[in-house]
Amino acid sequence: MNNEALQQWVEQLSMTFFGRPFLHVATFNARLKATGGRYFTRSHNIEISPHQLTAFGREETEKIIKHELCHYHLHILKRGYQHRDADFKKLLAHVGGSRYCQSLPERAQRKPQPFRYKLICTKCGMEYLRKRKVDPAKYACGKCRGKLLLNLIDNQKAT
């Protein structure tokens, strides 16, 4: 499916389920991996993840489109369009949109990143494990306020 077909699909769903036209642009965005779609409040455009369509099919993608259209129409009507708003929850339930999208299979299989760095207190020997590199000069030991040294951990030992 290309962007033109998506645009027609979104316009058709908008008229069928909301009774109002979708007058802006709907496109696919392949960078969306953790989310099914996005609605932009400034431009009123919608982006949909093509990975959701590939992994879960038209039915799940239609629910994502309905979710984004709920944001769109409520925002245009100046009503509560955010996830926490009662108007949004009520409309989403009425049209049958999904509250959350499913996790993509390749994202579910990813292992958590092992700890790569260890901060060691020079006073008391307390160790702090970190996934990201930090500047030890900016921090002190939480136990004794001593200075910290940064060490790189060998990945075989960290697992």
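Figured I'd write up the structure that's included with this text. (Residues numbered from 1 in each chain as written. Predicted model: local features only at pLDDT ≥ 70, side-chain atom pairs only at ≥ 80, totals over all residues. Heavy atoms only, no water.)

**Structural notes on the environment of N2**
Turning to step 1, where the next piece is worked out: The topology assignment puts N2 in the segment before α1 (3-18).
Turning to step 2, where the next piece is worked out: On the accessibility criterion, N2 (40% relative accessible area) is partly exposed.
Turning to step 3, where the next piece is worked out: At 3.2 Å, the side chain of N2 forms a polar contact with the side chain of E4.
Turning to step 4, where the next piece is worked out: One polar contact links the side chain of N2 to the main-chain amide nitrogen of A5, over a distance of 2.9 Å. (Helix = DSSP H or I, 4+ residues; strand = E, 2+ residues; numbered from the N terminus. Buried < 20%, exposed > 50% of the residue type's maximum accessible area, 1.4 Å probe, protein only. Polar contact = N/O pair within 3.5 Å; in protein donor to acceptor, adjacent residues only side chain to side chain.)

**Quick word on α1**
Residues spaced three or four apart along an α-helix face the same direction, because each turn holds 3.6 residues.
Turning to step 1, where the next piece is worked out: Over its 16 residues, α1 runs 21 Å from end to end, which matches the ideal 22 Å to within 8%, given 1.5 Å per residue.
Turning to step 2, where the next piece is worked out: Every buried residue of α1 is accounted for by L6, Q7, W9, V10, L13, S14 and F18. One side of α1 holds all its buried residues, which, seen down the axis, span an arc of 165 degrees. Exposed and facing more than 90 degrees away from the buried side of α1 are E4, Q8 and T16.
Turning to step 3, where the next piece is worked out: Structurally, α1 contributes buried residues whose contacts are with β1 (26-28), β3 (46-48), α2 (50-76) and α3 (86-95).
Turning to step 4, where the next piece is worked out: A positive backbone phi angle near 65 degrees is found at G19, which sits one or two residues after α1. (Expected span 1.5 Å × (residues − 1). Arc of directions from axis to C-beta. Contact = heavy atoms within 4.5 Å.)

**Things to note about the pairing of strand β4 (residues 117-121)**
Turning to step 1, where the next piece is worked out: Only one face of β4 is buried: it carries Y117, L119 and C121, and the other face, with K118 and I120, is open.
Turning to step 2, where the next piece is worked out: Count of turn residues in the β4/strand β5 (residues 127-130) antiparallel hairpin: five residues, of which G125 carries a positive phi of about 85 degrees.
Turning to step 3, where the next piece is worked out: As paired elements, β4 and strand β6 (residues 148-152) share five bridges and run antiparallel to each other. Bridge assignment links I120 to a residue of β6, and that residue is L149. (Pairing = 2+ DSSP bridges.)

**A word on the packing of aromatic side chains**
Each aromatic ring pair is described using two quantities: the centre-to-centre distance and the angle formed by the ring planes.
Turning to step 1, where the next piece is worked out: Tallying each qualifying case throughout the model produces two aromatic pairs.
Turning to step 2, where the next piece is worked out: Arranged with centres 6.1 Å apart and planes meeting at 85 degrees, the rings of Y39 and Y72 form a pair that is edge-to-face. Taken as a pair, Y39 in strand β2 (residues 37-39) and Y72 in helix α2 lie far apart in primary sequence, 33 residues in all.
Turning to step 3, where the next piece is worked out: Looking at Y39, the relative accessible area reads 12%, which means it is buried.
Turning to step 4, where the next piece is worked out: Every member of this aromatic cluster is reached through a ring pair, and the members are F22, Y39 and Y72.
Turning to step 5, where the next piece is worked out: Its end group placed over the ring of W9, R58 keeps NZ or CZ at 4.2 Å from the ring centre. (Phe/Tyr/Trp six-rings, centres within 6.5 Å; stacked < 30°, edge-to-face > 60°. Lys NZ or Arg CZ within 6 Å of the ring centre and 35° of its normal.)

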